[in-house]
Each structure stands twice: as C-alpha cells, then as structure tokens.
Amino acid sequence: MKSYKKSLLFFMLAILFIVSINSAIFYYTACIGSTVKSTDCYGQTYETDKETVSQIISITEKYGDNYVVMAQELHEEWSVLSELLYNLRELQKYGSTLEEVKKTENLSTEKKEMINNLISYYGNEDVNIASAIENISKKTTIFNAAVTNTDKYTDYDSFIKSVSDNADFMLEISIYKNDLFAVNNIEKTKSDYNALSGLSPKYADDSGLSSFLNYRITDIIAILSVLLLLPFFAGMIKSADSTLTLDRRYAVIFPLILTGAVIVMQGANLLFSVLFIGKIDISLPVQSYPILFYSGEKISTGLLILHFFLSKIVGTVIFLLLTSSLVCIVKGSKGAKKLVGSLAIILFVVFEAVTVIFMGDGNILKELNIFSCFMPERYFIRYINVDILGNAVSRTGVFWGFALAVLLISLIVFIRSLGNFMKIARADAEQSYYDEINRKYEQSRAIRHDINNHLTVISMLIEKGDSKGALKYINEVFDETSLAMQPLKTGSSVLDALLHKKTEQASKSNITLSYEVNASLNVGISDYDMCVIFGNILDNAIEAAKKADEDKRDITLTVGTQHDMLYISCHNFHSNDIKEQGDRLMTTKSDTSMHGIGLSRIKTVAAKYGGTVKVSYDEANFMIEVLIHKIK
C-alpha cells in the first residue's frame, strides 16, 4: 500500500459505493409497488397495501385522540357496509342491476326491502351489482381494518388491568408457586405493565416502521464492509512493519468511517421508509404501533430508533475489532500463539452464530450474543425476561451489559494483538539489523586481511606509471569498503534499524543518504516518536529524490544541538512544484501525499515535546528543520 491517504480515499469511495448500493436495494425491495412486505426476526411476515393504509389514516385522522367516538362511529359504519354487502350478494342471483332485480316477479318481502334500502343508499336504480359488491368489499375491508387497528387503543388501561389480573391469577396456580423464576417473572411482568398505566398510546400505521426495523440486507452489507476494510488494515500494519512506525490515527479513522457508513445506510432506510411507505412519529410511545402494542418498555419511538442505531453500530464495531485482531494475530504471532489466538476468535464468532440461531427466546445464550446487536427490535416486539439464577431480568438490560462488555474486551484484545504485532515486527527488524551488522563486520575483516595485497597492487600500478589504472583500482577498493561500513549508531537499536532500512531503501534507488550527527539522540524521547520523526522525514525525502535528476539524488540528514534543544534537519532536491494547503505541502504531480500526511505527523510529535517544525523550499531545494526539547 503506497500511502495511507490513498488507502483512506479508496476506502471512503468504497463505503460510498456500498451506501449507494444499500439505498438502491432498499428502495427497490421495500418501496416500489403498492404492497409493503417485511419479515421480523421471528419469521412473522407483515404485508400492507399502501393505498389501504392511506385510506385508513384519512378515516381515523379526523377523530384525533377521541377514540371513544371513533370506535363507535367506525363500528356503526362497518355494520352498515356489512349489511349492504350481504344484501348485494343476496340479490346478485336475480339480475345484474338493481333495476333488473326490482322487475323480478315473486320476490319475497325481505328481498324487496333489500332493494329499497340499496336504492335509497345509492340514490338510483341503475347500479351494477357486481361492481357495487367489489367497491363495498374494498370499503368494508378498509373499515374492518380501521376498527381492528383502533379498537384496542380506546381503553389502554383496560389492557394493563387485564395483564395485572392475569398475573394475579397465575400466581395462585400451584405449578408456578414452586418455580422461582416463574414467580419472579410473573411479578416483574405485572410491575412493568403497571408502570405503563396512563400511557394512552395513539394508533399509528406501522408499515414504515416495520419495514425499517425488519430490514436485514443492510446488516449483511455492514458485515461485508468490515471484510472490505480488512485488506486496507492489513496493508496499514504491513507498512508499519516496514517503517517501524504506525500512525495510530488511522486505527481510529477506519472504524469511524465504518460507523458513519452504518449510520448513513440505516438513516437512508429510515428516510425512504418515511417518504415512500409511511410517516414515523418519534414522539409517540412504541405501543402506538400495532407490531409493538404488547411491548412492556416505557420508551418513545424516537428512543427506540436511537437504541436501534446504537445496537447496529456496536455490533459492527465488535465484528470489526474481532476480525482486525485476527489479522494481527495471524500476521504477528508464531506457532502455538497464532493457532490458539486465531481459533479462540473464530470459535467465539461461530458459537455466537450457532446459539443465536438455535437457542430459544429467553435463553441466556441467545440474549448474551453479539449477533443480537443486528436484531434489536426483538427486545421490544415481545415481552420476555431472562432467567439469571432464578431472577427475572430485563433482556434489554442484559443485552446492553453484555454488548458493552464484549465491545470493551474486543477493544482490549485488538490493542494487545496490534501491540504484539508491532513488538514482533520491531524485534524482527532489529534482528535483521544485527544480522546485517555481523555480515558487514565479516566483510570488513576480509577487507582488512586483504589490504596489504591491495596496497601492493596500487604501488605496482604507480611504479609502472599507470595512474589511471591505480585510480580505478583505488575507487573499486573504496566502493567495497563503503559497503562494509557500519550504519549510524544512535543509542537506540530500534532507530538504528529504521535508519539502516532507509539507507538501504535510498541506495536501491541510487540515492546518496548522508548523515551528519553531532549530538546524542538519547535525550529521553521515546523510540516510537523518534521513528515517527526520522521515518517520515526520510520517506518524504527519498520519495522526492527519486523524481530528481540523477546528479541531484542526494539527501543530507543533520543532527545537532541548539541550546537545550535537539536540532534535526534534512535537505534534499526535488523536481516537482510544491503547493501549500493549510498545514500540508502538496505536489502537482500524481503523488499528492508528498510532504502531506508525513509532515502533519512530524508536527504532532514535535508539539508533544514543546518543539517546532520549519519548512523552507525553492524551485529545486527542500529543507525541513525540527527543534525538540530534551527530556534529560
């Protein structure tokens, strides 16, 4: 991965793409057409006709909160429509129109009365009975739905009283008296529903809310987004492996982007639900919606939606932390640790998936489950308490206690696995450095052993007057001895390893990297922060030098002291036009990250120690100077 910035940009574009895909899928599966369907977490299917819902709402809205009058008038209207429908079906066998039926001979008195009532209702005799039956059937269905939906809202306290009376009755049954959980559960149920007295929910259409709460494709997309993120995370720690530094901000930025994506996707679903299916009044108690009428939670619809969002976010972040930890363990651990750590995470996720699928409601393993984060509505659709040592405990409280605990543990596991990866990566880099030192030491011993032979050859060439041959031979010996020189000794093995890697990196690109060190770097600044400063300075310098002319591929890194401060400067040539953008330096060429993110990181570390960073440049030269207070 060439730069964090490119990875971050690419990932953001990918997130934008999946957000668009999610919105498109939701729209075309939940909003197109006249019928709205959704299947809840228990497998129950809800089907609503948007036109019917619209008519029901128009009928009920005129009554406001006066449910008593509404119930009475709706019942009366439904009774009238039912009678009309019955009469039409009875008369249909005698003719196709009322006029034709009226002319029929030998009609009973009852049938004649039916005809007169229908003529009075329609105001004329020219009524097609088949069409009338179809229209009255639709109207009857609508009023029947309106009566069914609103009846139970006329006296909500009666429902609460029925729950309380039923609880008292059950407590008298002997089969429950010997069951500690059963007794506690009944008493808690009674107490929870009694707390809802006086709530007075108002009937609201739940087709939009139901479609929003029961939509599962977004959860799948969120999990796929986590899997999409993993290659970027793997590339990030691989880059850290090569530079011995890790920009920890990106370990925070990626989860934040993912969290934002989940919020945007679910927010888009909610918006589509409101615009195309039905409005959602967040101020209403959840019991106002038929699918949540039996909920024992005293909570508004707005708080339910907030709970819904937070639950989805927590579940996605937990999954991200666990999978990222798995990447760190696989890439950073060895032998038994890699096997045990990987299996632990995999088995945990598999166990959670199996229990949430096969365990029954109320079972503690099903309630304490990370996959419950993706089905938060089930805590409200059904009233169920969890059995914990015979005590009836609210499943919502149990869920949040578990979810937050797993989130914290997952974060700790991630931090430790990432830290372990960096520790092993640094140890490997240091070992590589020491191996290189030993190799060069042996190489220098061989050169010293052969030095007399080299001097003899040079002396002979000079005696023969072959000055060109002698100079050529001297240069060959000089190149050989240069390769055998030990890298810079700073007092920090980690920093030595980094500088050694950067020197090799520069050499591979035919760049001359020179060090002028006139001060000790052992000044109390952490190895990590030193690596951030020197790593980013040299990364930017090497990247710029690669684009410079062959005769200007030189980098000079200088370290000294100014009063009580450590002074670090780096000079290099560049061939690109540099532009300032805020506190970053940009280039007009394709590599827009040059001196950008790296400079920001250097400034952050310098500020941490009360230091400053100064950058100066012209058309060909670039200079960065860093001043840092010594700790000791």
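Everything discussed here concerns the structure shown above.
Residues numbered from 1 in each chain as written. Predicted model: local features only at pLDDT ≥ 70, side-chain atom pairs only at ≥ 80, totals over all residues. Heavy atoms only, no water.

A separate point is helix H21 (residues 527-546). When the terminal C-alpha atoms of H21 are compared, their 27 Å separation across 20 residues agrees well with the 28 Å that a helix rising 1.5 Å per residue should span. With 17 of 20 residues buried, H21 is to be regarded as a mostly interior element. (Helix = DSSP H or I, 4+ residues; strand = E, 2+ residues; numbered from the N terminus. Expected span 1.5 Å × (residues − 1). Buried < 20%, exposed > 50% of the residue type's maximum accessible area, 1.4 Å probe, protein only.)

Looking now at the pattern of salt bridges. According to the stated counting rule, one finds 16 salt bridges in the structure shown. As a salt-bridge pair, aspartate 165 and lysine 161 come within 2.9 Å of each other at their nearest N and O atoms. Here aspartate 165 and its partner lysine 161 are both found in helix H7 (residues 156-171), 4 residues apart, which amounts to about one turn of the helix. Aspartate 165 gets classed as partly exposed once you look at its relative accessible area, which sits at 36%. A relative accessible area of 52% places lysine 161 in the exposed class. The partner of aspartate 539 in a salt bridge is lysine 502, and the shortest N-O contact between them spans 2.5 Å. Of this pair, aspartate 539 sits in helix H21 while lysine 502 sits in helix H20 (residues 493-508), and the two are 37 residues apart along the sequence. By relative accessible area, aspartate 539 is classed as partly exposed at 25%. Shared partners join several salt bridges into a network, and the residues in it are Arg216, Asp219, Lys312 and Glu377. (Salt bridge = Lys/Arg side-chain N within 4 Å of Asp/Glu carboxyl O.)

Our next topic: the packing of aromatic side chains. Counted according to the given criterion, the structure contains 20 aromatic pairs. Centroid distance phenylalanine 26 to phenylalanine 272: 6.3 Å. Interplanar angle 25°. Geometry classified as stacked. With phenylalanine 26 in helix H1 (residues 4-31) and phenylalanine 272 in helix H12 (residues 249-277), this residue pair connects regions lying 246 residues apart in the sequence. Ring centres of phenylalanine 293 and tyrosine 294 lie 5.1 Å apart, and the angle between their planes is 90°; on these two criteria the pair is classed as edge-to-face. (Phe/Tyr/Trp six-rings, centres within 6.5 Å; stacked < 30°, edge-to-face > 60°.)

All right, on to empty space enclosed by the protein then. Overall, the coordinates contain 2 cavities of 30 Å³ or more when judged by the stated rule. Lining the second largest cavity are Thr218, Asp219, Ala222, Val262, Gln266, Lys312, Thr316 and Phe374. Those elements that provide at least two residues to the lining of the second largest cavity are helix H11 (217-243), H12 and helix H13 (301-332). (1 Å grid on protein atoms, 1.4 Å probe; cavity = no way out; pocket = protein on both sides within 12 Å on 5 of 7 lines; lining within 4 Å. Points joined across faces, edges and corners; volume = space filled by probe spheres on them.)

What follows deals with the packing of helix H2 (residues 50-61) against helix H6 (residues 129-151). Running from amino to carboxyl end, H2 crosses H6 at an angle of 65°, the nearest separation of the two axes being 10 Å. H6 is crossed by H2, and the crossing has right-handed handedness. Note on element contacts: H6 touches H2 through Ile142, Phe143, Ala145, Ala146, Asn149 and Thr150, opposite Thr52, Gln55, Ile56, Ile59 and Thr60. When the residues that make up the contact of H2 with H6 are grouped by side-chain class, the tally is 6 nonpolar, 5 polar and no charged. (Axes fitted to C-alpha atoms, helices over the stretch in contact; angles between N-to-C directions. Left-handed = near helix turned anticlockwise from the far one by under 90°. Contact = heavy atoms within 4.5 Å. Nonpolar A, V, L, I, M, F, W, Y, C, P; charged D, E, K, R; others polar.)

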